[in-house]
Structure formats: structure tokens, C-alpha cells
Amino acid sequence: MRVTGMLRRAVVPLALAGMLMLAGAALGRIYADDLLLRLVAGAAAGSVGAGVAMRRLPSWSVAPISALLLGGYLTLAMHLAAGASGLTAETARDALTNGIPRLLTAMIPVGSKPDTVVIAVAAVWIAGLAATEVAVRSGRVLLGCVPPMGVYAGALYVVGPNSPAATGLTLGFAALVVAALATSAGIAAGTPPAVRARAAGGAIVSLLLLVGVIAAAGPWIGDHVTATPVDPRRYVQPPRVDSLDESPLNRISGWALDPRQRLLEYLPGDGAAVPAPGPAAPSATPPKKTTGPKEKPPAQRPLRLRLAVLSDYDGVTWKVGGLYRNAGRVLPAPDVPAGTGLTETEQRITITGLTGRLLPAVPTPTRITGARVAYDAASGTLIRPEGLTEGLSYTAVSQVEKPDLNQLPFADVPSGDAVIRYLTVGAGAPEQVQRLADHLTEGSGAPYDRAVAIETFLAEHYRYVADAPSGHAYPNLRHFLFGRRDLGGQKGTTEQFAAAYAVLARLSGLPARVVVGFHAPAAGGAVTAGDALAWPEVYFNELGWVAFDPMPKTDEVRPVEEDFTPPTPSPPPSQSEPPVVTPSGSASAPVGIAAPAGRSGPSAVLVASGTSSGLLLVLAGAACTVAALRGAQRRRRLTAGDPGQRITGAWLEFTDALRLAGRPVPAHLSATEAVRHAAVPPRPPQRTGLLRRAVPDGTALPEGTPESAALQQGTPEGAAHQRGTPEGAAVPGATGDALPLPALDALVDAVNTAGFAPEAADAGQADRAAAQVIAYSAALRERRSWWRRIWWSVRPGPLRWNR
């Protein structure tokens, strides 16, 4: 009997420890290894065992003793998680301070590191101590099961939709709760029979009531529970990067200014070296002198280290557009297409001069040791959130994809929402570029033929120069593709070649992206700034991403005009050209139909006068009609409907005013950003220093650049850069003698209220917004010349812009 009693008393502590271990097992499903499960099992056994051992001590002494034991166990757990790098005071402090955000922003599978295991271990230890105190010392077993239940629920919440349902673990957890409760009831078996009968009856009634509640509420709860759990990671901001790391393509021209600068040291591991990718087979004849990056024999050809993958283009900048998650040593394995083989390679990289946060590696890395990293799984781009420092050394293991290039001529490309990101170009693509894309792919049905056509055209018609200015926005690409050679056109760095290829490919229906990286010696050595380059990649079904090389192979490049002449507007006739003189000395007259000799009917002067007067009356009537319709439109927008509709009308009046002033509001801007956009116009032209003619992005062109020279000389290339307001024209927010424009704070507040809390919008807000927009529009109109003010009032555009 004594042994039986001891066994019964041991069931409750064992059940509590088992519940906590099951919580660790539930959380461990998203970890890359089993270290977390082992640490949680130790914390569960240690905390429950310590609680049982101290059950006869005074209750006030349990907390400090358990705290000392918890501190010691946390130190051991972080030491084991730190691995070969060792545990330092700074690492421990960082793990304790940032454990929760690091766990919620970690890449899945989560690596077992001090900052990703410390919170789970501490929570299990504290829950085990509290459960033991309540269930063992106080004898309240059901209440003592609450802390393990809380830890288990928290584990399921952290896992979210990132792992299958833990049905087996949940049933096991429930079984342990039932065992603990049943054992606690058995311990009281020595009580009088009447008490035992009363307790048994109450238990049966309670069980029946519980089953009834479950049967009644179960279907309703099942209908209201979503199939996919909420992922708490969406509430935590992942690591962010600055503009240079978001678009390292802009850094290539800067690196080219100091090509000898040492950026990093590359040392290959035991894996095979990876040659530079490219679909084209080596030429059978020796190449002539090249103007592009220096070519080497295949045996000595350098491999490529990938720094960043740029997938998004808005017409101005190629960007990574990544969502970085803190990652452990193990990174998610890439999705390998069916027609692609894999080769694993290892490399050790030491940073010597590279700055920023981006970490270079042979694509695609699957394991990183020696540095804490964050990873964008969509592009395979790595960053170090703390930034790169000189002397940083890390080891990367990569899986290099080797597509079967023999399948390329027959491969297709995907389409639809899955690759829309890689087919999208920014709004306002120049017509010349679109025509070039159509010209290059005309008659090329297969995707690979289109890709090779673009690659060949760029390689045969454009020159590589290391000192070309940076830029890959539409104006820069237009100048690179069609600009005059004597003004800097038709030559550039790998930045322009890769960006132009990707834009032409996307306009041709090919999913494309730009990659930035470095050439590295296959045998290992220093990587300098002169080794930086960019290259385009196209995605093919069953093969994955395939790199292309649009760089020129020889100095013998043909002018673009020999194979493609972009359409240009006909220039106006020169005022200096003398009129053609007829033999009789009079200017030549246009050929016409001879007038009859008779003078019957009204004279030509009278007919012309009547026609002119009638035309003027028609125009005046049309102008009055347009002005009346616009006035009615304004009154309807600002006075009719509920407050939300009136606020919307005030916003439309504001955007119409800016469009009339030549400063349309981009569709993607918020209300606050739109007002800021209206307040920062292009600066007025000046005669010296900078050429201040308007360009699409509102910036000024320095004198001496190809673009400024083209503008000054009035060439077609320069004319292509002229946009926006004419010289001397008034613009919204312009500085000078004009008074400041009225404020729009009430309009912004009203728009934000109507957009995010429509029920909170009131008539007062609508009235204030209407008053501000009327004052702003009037002030904007007064800044313009007299004839522009007249055109402002009678222009019919606002009647159809927002319909």
C-alpha cells in the first residue's frame, strides 16, 4: 500500500513535466534541429523536480531558490545553443533583451541560437515551478494544470500556420491532464464511504454536463474557427535596409571609380568551383579584343558571388523588395525545377572593405556559420542586420543549380499571377523602348529565341565603359539605347546593360530580374571593386533562372541606327531657310483651284469675316458651357451627399487643381504624401550652374553631362528629356515673389478620417476641407499667366478625369 501511494503521488508531477515537454515538442516542429526539445525537456524535469524536492520547505524560500536554479539552467541552455562561437556576456544580454522579437521574426526553420531558445526555456521553467506549487504543495491539481496549458497554447500560437495540426500532441496533452485528475481523486480513496459516494456522483453529473456542452457548442465553434491559424509574425516588423542595400545596382558606378579597392577575400571549400553562369556555349574561334569585362579561358574563368537579386522595377529603380526574416545556421532549401541539377559548394568569405548589410555568397546559400543573418526566401538575398564590419568572416554552404541548357530552345516561360512580379515594368515606359522590344522579338516565337535576340542586339550595338554615369531609370535607359554616341549614348556599365536587358525582356513577355554580384577567382583570392557587375536572368519552366550575358564581346559594335531607327517627331522648319523664289521674283504660292472670273455672290472678305465670327461665337459658347458645367461639378462635389462623399469631392477638386497646374498626383501616394508632392515642385530654370529644364523626375541635370548637352543643342535625344512645366511657368508651391499657398491640413485630416474611419467623418470636417481646397485652387490659379488662368477655367479635362 505504501508503494502504491508513492506511485500515485508521483503521477501528478510526472504528468505536469510531460505536459511541458509536449509544449516543447509542439514548438520544436518549426526548429531546424532537436536542441530546443532537449532544452525544454530538461527545464520541465528540473523545475518540477525542484518543486517536489522543496515542497516541505517554507513557501517563501521556494522563489529565490528556484530563481537561482533558473539562472543557472538558462546559462547552460544559451551556452549549448551558442555552439562553437561560445557564450559571451554581450550575447547573453542581447538574447535576454531581444528574445521575443527574434523568435517572431526568425526564418522557418528556426535555428537554435541563444536568442531563439531562451524565452521558451524560461517560460517552461516558470510554468513548471508554478504548476508544482499549486498541484503538489496545495493539492489543487486542476488549477495546477493551467500553467502547462498556457505554455502549450502559446507554443501552438507561435507555430501558427507554419506546421501541420498537432492533433497527436494535443490528445496526449489531454490524456496527461485526465491521468493527473484521476490520480488525485484516487488519493482520496481513504475517506468515508458517504463522502466518496457524494464525490463520485458529483463527478458523474459534471462529466455529463461537460459532454452536453461539448455536443451542443462543438458544431457552432467548428463553423466559426478558421482553417488557417493566425501567424503572429505578421505583427512584428522584420529587419529593414537602406536605399543602397535595397538597390545596390546604383553602387556599380561608384565601385568603378576605385577598381583597386579590396572588398572581400574569397576562399573556396571542399566543394567544386562554380563557373560563371550563362546560356551561351564558348565560341569555337578566339574572340577579338573585348571592351567588356575581361574574358578568361574556361579553366580560369571566375565564379560569381551573388550580392542581391533585384525583382521589382518602378521605372526609376530596380529594388530587392524583400521580406527579411532572422535566420539560423540552416536556411530554407531552394525549390529546384525538374530539369535542374544541384552541386553543393562551400566557401569562406572575409569582409575587408565592403560596406552596407548585404552578404555575398555563391547562389543559393543553404547554411551560414560565423554571422547572424536575415534571409529573404523569395530572392535568396542575405543581410546582416547589424551591418558589415571589417574582418567579419563567415562560411557559406550553397546549392548551385545547373540547368540543362540543351532544353532551353524548347523551354517555355510561366505566366499569370505567380510571375507577375517579374513581368511588371513601371508606368510610363518610353514608346521607343517598347518599339525596340517589339522589333527584336518580331518573328521569334520561342521564349529562348526572344531572350537570345535581346542579348545579341545589346552585345553587338553598345559599348562597355567603366566610367559611365550611374542610372537605370527610363530617361537613363532611353539615353543608353538611343542617345547619340558623341553625347554619351549607346555606352554604359553592366548596370545599364543588365537593366536594359531586363526591361526589354519584360516588355517581350519574359519573366526577368537583375542580379548584382562580383567576379571571384575560382582558386580563391581578393575580390575588388572592379570585380563588381550586374547580369540579367530569365525564368524558364522546368529549368529555373538562367543567366544571360548581354555584354559586348568585341570592339566592333555597330551603330543602333543600322538595324533599328526609333521614331522621332518631325523637327519644325528652320526659320533661317529662305523662301523659294520663282523666276518672276515673287514667292511661290501653293497650288490651288482657279477662281471663277465672275464676281457674282458675296466677296471673299465677307465670307471670311462671317466664318471667323461664327467660329468665335461657337468657341465662346463652348467655353461658357464648360465653365458652367465645371461650376456645377464643384458645387455637387462639395455640397451634395453625406460628409464622406463631400470629403471625397474635395479631394477630387484638389487633384484636379494639381493636374491643371501640371503636377498630377501619382495614384500610389497617400493624402499626406500627395500634399508633400504638391509642395515640392521642380525648381525654376537658371542660366548657370545647373541646367534647370524639367525632366520626368523633377531633378536638375548638371552642365557638361550628355543629357544637358542634348537639351542645350535641341537634339531629339535632348527633346526626349523635356517634360513638365515650360520655362517661367508658374508651378504649385513655387518660390519667388508669390505668397505661400494656403494650408491643406484640414483636407488631409478629413481624407484620412473618411478612408480609415468613415463613420467618424462629420459635416464640419467636410466644410473645412471644402474651404481649404477652394482657397488652394484659387491661389494656384492666380500664380499663372493671364491666358493660362483663362484656360484653367474653361479646360474640359476635369469633367472626365475622375469619371
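Quick notes on the rules
- Counting starts from 1 at the beginning of each chain's written sequence and moves along it residue by residue.
- Per-residue local features of the predicted model are confined to residues with pLDDT of at least 70, and side-chain atom pairs are confined, for both listing and counting, to 80 or more; whole-chain, interface and lining totals are unaffected and use all residues.
- To get the side-chain values, take all heavy atoms of the structure and skip hydrogens and water.
- Secondary structure is summarised from DSSP: a helix means a run of H or I of at least four residues, a strand means a run of E of at least two, and numbering begins at the N terminus for each.
- Each residue's exposure class comes from its accessible area (1.4 Å probe, protein chains only) as a fraction of the maximum for that residue type: buried when under 20%, exposed when over 50%, partly exposed otherwise.
- Throughout, a contact is declared for two residues whenever any of their heavy atoms are within 4.5 Å.
- The accessible surface values rely on the Shrake-Rupley method and a 1.4 Å probe; as for residues, cover is taken only from the protein chains in view.
- The pairing criterion is simple: DSSP has to find at least two bridges between the two strands.
- Under this scheme, a helix contributes an axis fitted over its contacting stretch, all axes are lines through C-alpha atoms, and angles between N-to-C directions fall in the 0 to 180 degree range.
- For any helix crossing, the convention is left-handed if the near helix is rotated counterclockwise from the far helix by under a right angle, and right-handed if that rotation is clockwise.
- Side-chain rings of Phe, Tyr and Trp, where Trp is taken by its six-membered ring, are said to pair if the distance between their centres is within 6.5 Å; with planes under 30 degrees apart they count as stacked, over 60 as edge-to-face, and otherwise as tilted.
- Counting as a charge over the ring demands two things of the Lys NZ or Arg CZ atom: a distance within 6 Å of the ring centre and an angle within 35 degrees of the ring normal.

Chemist: Sorry if this is basic, but what is going on with the overall build of the protein chain here?
Modeler: Each helix and strand in the protein chain was counted, giving 24 helices and 19 strands. For the protein chain, the proportion of its 803 residues judged to be buried stands at 42%. Within the protein chain, residue pairs in contact and separated by at least 24 positions form 77% of the contacts whose partners lie at least 6 positions apart. With the model as given, the accessible surface of the protein chain reaches about 41,100 Å², and the carbon-plus-sulfur share is 61%.

Chemist: Would you mind going over the sheet that holds strand 14 (residues 512–520) with me for this structure?
Modeler: Through backbone hydrogen bonds, the strands of a sheet pair up, either in parallel or in antiparallel fashion. Spatially, the 4 strands line up as an open sheet ordered 2-14-16-17, and their pairing is antiparallel. Each of the sheet's edge strands pairs with one partner strand only, and the pair in question is strand 2 (303–310) and strand 17 (544–547). Each strand axis lies, on average, 40 degrees off the axis of its neighbour in the sheet, ignoring direction. Direction of pairing for strand 14 relative to strand 16 (residues 532–540): antiparallel, over a ladder of 7 bridges. The residue bridging Val-514 from the neighbouring strand is Pro-536, located in strand 16. With respect to the sheet, helix 15 (residues 494–507) is in contact with strand 14 and strand 16, its orientation differing from that of strand 14 by roughly 155 degrees.

Chemist: For this particular structure, what's the right way to read the sheet that holds strand 11 (residues 393–403)?
Modeler: The 5 strands are arranged 8-11-6-1-15 in an open sheet whose pairing can be described as antiparallel. Two strands lie at the open edges of the sheet, namely strand 8 (365–369) and strand 15 (525–528), each paired on one side alone. Pairs of neighbouring strands in the sheet enclose a mean axial angle of 30 degrees, with direction left out of account. Relative to strand 11, strand 6 (residues 340–351) runs antiparallel, the two being bridged by 11 bridges. Paired with Gly-341 across the bridge in strand 11 is Lys-402.

Chemist: Help me out: how do you make sense of the pairing of strand 6 in this one?
Modeler: When a strand is regular, its side chains alternate between the sheet's two faces. For strand 1 (residues 262–268) and strand 6, the ladder comprises 5 bridges, and the chain directions are antiparallel. By the bridge assignment, Glu-265 is partnered in strand 6 with Thr-350.

Chemist: When you look at the packing of helix 13 (residues 447–461) against helix 15 in this model, what are you seeing that I'm missing?
Modeler: Any two packed helices are characterised by the angle at which their axes cross and by the distance between the axes. Running from N to C, helix 13 and helix 15 cross one another at 145 degrees; their axes reach a closest spacing of 10 Å. The element helix 13 and its partner helix 15 pack so that their crossing is right-handed. Counted together, Ala-451, Ile-454, Glu-455 and Leu-458 of helix 13 and Phe-497, Tyr-501, Leu-504 and Ala-505 of helix 15 form the full contact between these two elements.

Chemist: Mind showing me how you'd approach the packing of aromatic side chains here?
Modeler: If you walk through the whole model with that rule in mind, you get 15 aromatic pairs. Taking 5.2 Å as the distance between ring centres and 70 degrees as the angle between the ring planes, the aromatic pair formed by Phe-480 and Phe-497 counts as edge-to-face. Taken together, the residues span a long stretch of sequence, with Phe-480 in helix 14 (residues 474–482) and Phe-497 in helix 15 at a distance of 17 residues. Each member of the pair Phe-480 and Phe-497 is classed as buried. Aromatic side chains Tyr-539 and Trp-545 sit 5.2 Å apart centroid to centroid with 75 degrees between the ring planes, which places their arrangement in the edge-to-face category. Accessibility expressed as a relative area gives 25% for Tyr-539, which makes it partly exposed. Among the aromatic side chains, those forming a connected cluster through ring pairs are Tyr-448, Tyr-501, Phe-540 and Phe-548. Taking NZ or CZ as reference, Arg-304 lies 4.5 Å from the ring centre of Trp-535, over its face.

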